[in-house]
Amino acid sequence: MQIRCQSCTNHKDFLMPLWVRATFKINEDGTLSILHTKQLESIEEKIVDQGKTNFELTCQDCSGDAKVIFNEYAKLDTQSNEKQALEGL
Amino acid sequence: MTFLCAECGNYTYFECDVQVYRSVNPGPEGLLIDDVLLEDFNYSDSNVRDELKDNVDYLLKQGAEAMYFDSYSGRYENSLISCARCESKRITPPYSEWTPKKNPKSLEQELMDNKEEFKQLRKEKNYYANTLPVLYKP
């Protein structure tokens, strides 16, 4: 699997926003203490949906939309199959 | 007491939904999900804290006005913070905390006291209308 930024050449660092439920305590002096965070969304589902229903995976360098390529060898497989078919003929 | 749950009387533990940014790094072994680390600065951590504080401050400022009528439950609820004990959304700042602000002097008196300082400020201010027009030089 590859992830590429559609605006720049970055293919390493990306950002994904996720909703979490924070349980917190209000101290007597008015400050907040976070006790627990619970993830509300699945990061895998969001990555799979990237480009279909959302564009939330963004490049960390330029904030451009990222493109997820699940099988980068698919094209190579097709090319080698075509080559083998031609050789067979 | 900052907030009070109208269901169970809890005023200490609450829950709030916030958005956190995670770093996604594709590698040969799969995706590496981690906190967003900038130069000596954890963006994910500060994002959670800042957003939580924003929500708490907003609810404190708005008070009962932040609550909306939920037709399903037939009650007034708020959409930001819920009770960590009973999961109720009937969270408000206690009404008893609201008091009219007692200022030491009236606004008119304050303006009069600061009159000289304001005059000085007006003298220091740059008025573009007082400068002559300049010919355009390409």
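Small disclaimer: the values here were computed from a predicted structure and weren't measured. (Residues numbered from 1 in each chain as written. Chains lettered and ligands numbered in written order. Predicted model: local features only at pLDDT ≥ 70, side-chain atom pairs only at ≥ 80, totals over all residues.)

S.K.: Any chance you could explain the overall build of chain B here in plain terms?
M.R.: For chain B, the count of helices and strands is three helices and nine strands. Counted from the first residue to the last, chain B has its helices and strands arranged as β-β-β-β-β-α-β-β-β-β-α-α. Taken over the C-alpha atoms alone, chain B extends approximately 65 × 55 × 30 Å along its principal axes. Counting only residues that meet the buried cut, chain B has 18% of its 138 residues in that class. (Helix = DSSP H or I, 4+ residues; strand = E, 2+ residues; numbered from the N terminus. Buried ≥ 20, exposed ≤ 12 C-beta atoms within 10 Å, placed from the backbone.)

S.K.: Which parts of the structure should I look at to understand the nonpolar core?
M.R.: One broad trend across soluble globular proteins is that nonpolar side chains are buried collectively. Ala22(A), Phe14(B), Cys16(B), Val18(B), Leu52(B) and Ile81(B) are the most contacted members of the largest nonpolar core, which totals 18 residues. Taken together, the elements giving at least two residues each to this core come down to strand 2 (14-26) of chain A together with strand 2 (13-27), helix 1 (43-62) and strand 8 (81-83) of chain B. Those residues in contact with Val18(B), other than ones at most four positions away along the chain, are Val20(A), Ala22(A), Val48(B), Glu51(B) and Leu52(B). One finds Ile3(A), Cys5(A), Phe14(A) and Val24(B) within the second-largest nonpolar core, a separate group that totals nine residues. (Core = buried A, V, L, I, M, F, W, Y, C linked by C-beta atoms within 7 Å. Contact = placed C-beta atoms within 7 Å.)

S.K.: I keep staring at the interface of chain B and chain A and nothing clicks. Help me out?
M.R.: Listed per partner, the contact involves 24 residues of chain B and 25 residues of chain A. Elements with a minimum of two residues in the side of chain B that touches chain A: strand 2 and helix 1 of chain B. Ranked by residue count, the leading element in the side of chain B that touches chain A is strand 2 of chain B, at 14 residues. By residue class, the composition of the side of chain B that touches chain A is 15 nonpolar, five polar and four charged. Here strand 2 of chain A pairs with strand 2 of chain B via twelve bridges, running antiparallel. Bridging across to strand 2 of chain B, Met16(A) finds its partner in Arg22(B). (Nonpolar A, V, L, I, M, F, W, Y, C, P; charged D, E, K, R; others polar. Pairing = 2+ DSSP bridges.)

S.K.: In this structure, what is going on with the environment of Leu107(B)? I would like to understand it.
M.R.: Looking at the secondary structure, you find Leu107(B) in helix 2 (residues 107-113). With 74 residues separating them along the chain, Leu107(B) and Ile33(B) place their C-alpha atoms 55 Å apart.

S.K.: Help me understand the pairing of strand 6 (residues 67-70) of chain B in this model?
M.R.: The side chains of a regular strand alternate, residue by residue, between the two faces of the sheet. All names here are of chain B. Sheet topology places strand 6 next to strand 7 (residues 75-78); four bridges connect them, and they run antiparallel. Opposite Tyr-68, over in strand 7, you have Glu-77 as the bridge partner. From the end of strand 6 to the start of strand 7, which pair antiparallel, there are four residues, and Gly-74 there has a positive phi angle of about 70°.

S.K.: Please clarify how the environment of Gln6(A) should be interpreted in this entry.
M.R.: All names here are of chain A. Take Gln-6: it is sitting in the loop between strand 1 (2-5) and strand 2. Gln-6 gets classed as exposed once you count the C-beta atoms within 10 Å, which come to 12. Each C-alpha atom, one on Gln-6 and one on Lys-67, is 6.4 Å from the other, the two residues being 61 residues apart in sequence. When sequence neighbours within four positions are dropped, the list of residues in contact with Gln-6 reads Gly-64, Asp-65, Ala-66 and Lys-67.

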